[in-house]
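Structure assessment
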Amino acid sequence: MIVRLLSSVLLAWILGFAWFAILLPQPLGDQQTDAVVVPTGGPLRIDRGLEALRNKWAERMLISGVDRDVRPAELSARFPGSVALFDCCVDLGFRAYDTRSNGLETARWAKQRKVKSVRLVTTDWHMRRAEYELHRALPDDIAIYPDAVASKPSLMTLWREYNKLVLRVIAGLFGV
């Protein structure tokens, strides 16, 4: 009986990983939202967020998890042609240090800005965990639209991220 139970859990875990690795989230397209949220940490995330602002798919953007030593002018200089967007429409969040605190930082920002819909921009392999944390932190009346930045993750990256997601969901079931 115990062997069957453990075998079932192992099979579910392996099938879950296959689902996670094969069906990575995709870019969103031109869906309108009130805001864009970009957790730092991966290439092309901020570029995708700025693209959403340029195309008027959103009015404001939060870059969450910015290092405390980074100055807004320094950051905007890294994205040529975006200084005006940074001046008018981009907020930097300096409190977050991991995916969970990105969600908490975003929730505070969204409440302050009275945001009702968020375009979440992060790397495809990171999207499910980032979206999970954002769902946990935001009130139910704020819609989240995942907008994945396509990448070519290694099998090890996918393996690590899948296990982080599984552990985080289990911890969430216990209120952690």
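All residue numbers here refer to positions counted from 1 along the written sequence of the relevant chain. Reporting of local features is limited, given that this is a predicted model, to residues whose pLDDT is at least 70; pairs of side-chain atoms are given and counted only at 80 or more, and all residues count toward the totals for whole chains, interfaces and linings. Remark: hydrogens and water are excluded; side-chain values derive from all non-hydrogen atoms of the structure.

Another aspect to go through is the state of the cysteines. Any covalent bond linking the sulfur atoms of two cysteines counts as a disulfide. Cysteine sulfur pairs qualify as disulfides if the two atoms are within 2.5 Å. Overall, the coordinates contain one disulfide when judged by the stated rule. For Cys88, the disulfide goes to Cys89, at an S-S distance of 2.1 Å. With the S-S bond torsion at -80 degrees, the cross-link from Cys88 to Cys89 turns out left-handed. Residue Cys88 is classed as partly exposed on the basis of its relative accessible area of 42%. Partly exposed describes any residue whose relative accessible area lies between the buried limit of under 20% and the exposed limit of over 50%, with all areas from a 1.4 Å probe on protein chains only and scaled to the type maximum.

This paragraph deals with the UniProt feature "domain: DUF218" (unreviewed entry) in the protein chain. UniProt positions are given in the numbering used here, feature names are shortened, and annotations may be inferred rather than shown by experiment. Under the UniProt annotation, "domain: DUF218" (unreviewed entry) lies at residues 34-162. Runs of E in the DSSP output that reach at least two residues are strands. Runs of H or I that reach at least four are helices, and both are numbered from the N terminus. The annotated region residues 34-162 carries 44% helix and 22% strand content, and the separation between its end C-alpha atoms amounts to 30 Å.

So, about the pairing of strand E5 (residues 143-149). A pair of strands counts as paired when DSSP detects no fewer than two bridges linking them. Of the pairings in the sheet, the one linking strand E4 (residues 117-123) to E5 comprises seven bridges and is parallel in character. Across the sheet, the residue bridging to Thr123 is Val149, located in E5. If the strands point away from the viewer and the path from the first strand over the helix to the second runs clockwise, then the crossover is right-handed. Assessed by its sense of winding, the connection that carries the chain from E4 through helix H6 (residues 127-137) to E5 is right-handed.

Only buried Ala, Val, Leu, Ile, Met, Phe, Trp, Tyr and Cys residues count toward a nonpolar core, and they belong to the same one when joined by side-chain atoms within 4.5 Å. By size, the foremost hydrophobic cluster in this structure holds 20 residues, and its most contacted members are Ile46, Leu50, Met61, Ile63, Phe86 and Val90. For this core, the secondary-structure elements that each account for two or more residues are strand E1 (35-39), helix H2 (45-54), strand E2 (60-64), helix H4 (83-89) and strand E3 (90-93). A per-element tally of this core places H2 first, with four residues. Whether two residues are in contact is decided by their heavy atoms, any of which lying within 4.5 Å being enough. Setting aside residues no more than four positions away along its own chain, Met61 makes contact with Val36, Val38, Ile46, Gly49, Leu50, Leu53, Cys89, Val90, Asp91 and Trp109.

Its place among the elements puts Thr123 in strand E4. According to the relative accessible area criterion, Thr123 is buried, its value standing at 5%. Not counting chain neighbours up to four residues away, the residues in contact with Thr123 comprise Gly42, Arg45, Val149 and Ser151.

Pairing is parallel across the open sheet formed by five strands, whose spatial order is E3-E2-E1-E4-E5. Edge positions in the open sheet fall to E3 and E5, since each of these has one partner strand only. For this sheet, the mean inter-axis angle between neighbouring strands, taken without regard to orientation, is 20 degrees. Along the sheet face, helix H5 (residues 99-113) touches E1, E2 and E3 and points at about 155 degrees away from the line of E2. Angles here are taken between N-to-C directions and fall from 0 to 180 degrees, while the axes themselves are lines fitted to C-alpha atoms, restricted in helices to the stretch in contact. The strands touched by H6 within the sheet are E4 and E5, with E4 carrying the most contacts at an inclination of about 150 degrees.

A few words now on the environment of Ala12. By the element assignment, Ala12 lies in helix H1 (residues 2-22). Note on Ala12: relative accessible area 48%, which makes it partly exposed. Spatially, the C-alpha atoms of Ala12 and Leu165 are 14 Å apart, while their sequence positions differ by 153 residues.

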